[in-house]
Every structure is written in structure tokens, then in C-alpha cells.
Amino acid sequence: MIHSNMQLTKLFTYKFWMGFNGFVLLFLSVNIATIGVEIDSGLPFLLALGYLVYLFVYLSKNAYWKMVTLLGIAVVGVLVYLIGIISGITASDMAPLAWTHIVLSLLLLGGAIAHWKSDK
């Protein structure tokens, strides 16, 4: 009985972090699409669409490469927007969206690490 409860808890934890990360990916894609509206560019929309496609692939079933890709998405998201803010490339009116992306990417990074650890 104890063994099955531990397995059930592990499964719940694993699924929780998978859902959490999916939710954060959804917010990230909406944020990127909003950036596309603000700068009147189609590139962020394609990127947001890529996030959504990956969201459905990520949620489809368990695979180690999906968690590694999620870690990469989070790190790249933080670095791109942080470098843009520090270097002055990001316009001042876009700074709130950039900071939102950084915070969401950090949440995704933490969630990806938690998801990875729950799989071990």
C-alpha cells in the first residue's frame, strides 16, 4: 500500500509540473504575440506559434528530450530579453513586456528543473 501511494504521489508530482510548465508556455506565447502586436512584426507571431506547437508536443507524452528542450527555451528566453534590456536594444515602452518574458522564463526554468527531478 505504501509503495503504491509513493508511486501515485510521484505520478501526481510529475503531472503537476508538466501542467505547470504547459501553463507557463501558454503565457509566454501570449506575451510574445503581444510583443508582435506592439512592434508590428510577424516574427514574434511565428515564434509564439512555435511555442504553442511545442506546448502540445511537450504535453503529449513523456520524453527526456522534451524536458531538455524546455530548459533551453527558458534559458534562451531569459538571455535574449536580458541582453536586449542591458544593451539598450529593447525600447523603453517594450521593457515591461521584456521583463514579463524574463520572469516567465525564470518560472519555466524552475518548473522544468522540478519536472526533470520528479521524473528521476
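For the structure, see preceding data.
These notes cover the structure that comes with them. (Residues numbered from 1 in each chain as written. Predicted model: local features only at pLDDT ≥ 70, side-chain atom pairs only at ≥ 80, totals over all residues. Heavy atoms only, no water.)

Before going further, it helps to examine the layout of surface pockets. The space that makes up the largest pocket amounts to roughly 500 Å³. In terms of lining residues, the largest pocket is bounded by 23 residues, among which Ile35, Pro44, Leu47, Val80 and Tyr81 are the most central. Put simply, the parts of the chain that give the lining of the largest pocket at least two residues each are α1 (2-39), α2 (43-60), α3 (64-87) and α4 (95-119). Residues that form the lining of the largest pocket fall into these classes: 17 nonpolar, 6 polar and no charged. (1 Å grid on protein atoms, 1.4 Å probe; cavity = no way out; pocket = protein on both sides within 12 Å on 5 of 7 lines; lining within 4 Å. Points joined across faces, edges and corners; volume = space filled by probe spheres on them. Helix = DSSP H or I, 4+ residues; strand = E, 2+ residues; numbered from the N terminus. Nonpolar A, V, L, I, M, F, W, Y, C, P; charged D, E, K, R; others polar.)

As a further point, take unusual backbone geometry. Not every positive phi belongs to a glycine, and aspartate 40 is a case in point at roughly 55°. Mapping aspartate 40 onto the fold places it in the loop between α1 and α2.

Our next topic: the nonpolar core. Membership of the largest hydrophobic core comes to 19 residues, with the highest contact counts inside it found for Leu25, Leu28, Tyr51, Tyr54, Tyr58, Leu70 and Leu108. The greatest single-element share of this core, amounting to 7 residues, is contributed by α1. Residues in contact with leucine 28, not counting those within four places in the same chain, are Tyr51, His101, Leu104, Ser105 and Leu108. One finds Ile35, Tyr81, Leu97 and Ile102 within the second-largest nonpolar core, a separate group that totals 6 residues. (Core = buried A, V, L, I, M, F, W, Y, C linked by side-chain atoms within 4.5 Å. Buried < 20%, exposed > 50% of the residue type's maximum accessible area, 1.4 Å probe, protein only. Contact = heavy atoms within 4.5 Å.)

Between α2 and α3, the shortest axis-to-axis distance is 10 Å and the interhelical angle comes to 145°. Considering only the axes of α2 and α3, their crossing is left-handed. For the pair α2 and α3, contact is made by Tyr51, Tyr54, Val57, Tyr58 and Ser60 and by Trp65, Lys66, Met67, Thr69, Leu70 and Ile73, respectively. When the residues that make up the contact of α2 with α3 are grouped by side-chain class, the tally is 8 nonpolar, 2 polar and 1 charged. (Axes fitted to C-alpha atoms, helices over the stretch in contact; angles between N-to-C directions. Left-handed = near helix turned anticlockwise from the far one by under 90°.)

Okay, α4 next. Taking 1.5 Å of rise per residue, the 25 residues of α4 would be expected to cover 36 Å, and the 36 Å separating its terminal C-alpha atoms lies within 8% of that figure. All of the buried residues along α4 are Leu97, Ala98, His101, Ile102, Leu104, Ser105, Leu108, Gly111, Ala112, Ala114, His115 and Ser118. (Expected span 1.5 Å × (residues − 1).)

Helical geometry: 3.6 residues make up each α-helical turn, so side chains three or four residues apart lie on a common side. With 24 residues, α3 should cover 34 Å at 1.5 Å per step; its first-to-last C-alpha distance of 35 Å lies within 8% of that length. When we look at burial in α3, the residues that qualify are Lys66, Met67, Leu70, Ile73, Ala74, Gly77, Val78, Tyr81 and Gly84. Note on α3: the residue one or two positions beyond its end, glycine 88, has a positive phi of about 85°.

On to a nonpolar patch on the surface. A contiguous nonpolar patch, built from Leu43, Leu46, Leu49, Val53, Val57 and Trp65 and spanning about 610 Å² of accessible area, is present on the exposed surface. For valine 53, the location among the structural elements is in helix α2. Under the relative-accessibility criterion, valine 53 is labelled partly exposed at 47%. (Patch = residues over 30% accessible without salt bridge, like charges linked within 9 Å, V, L, I, M, F, W, Y side chains within 5 Å. Areas by Shrake-Rupley, 256 points an atom, 1.4 Å probe, with all protein chains shown as cover. Salt bridge = Lys/Arg side-chain N within 4 Å of Asp/Glu carboxyl O.)

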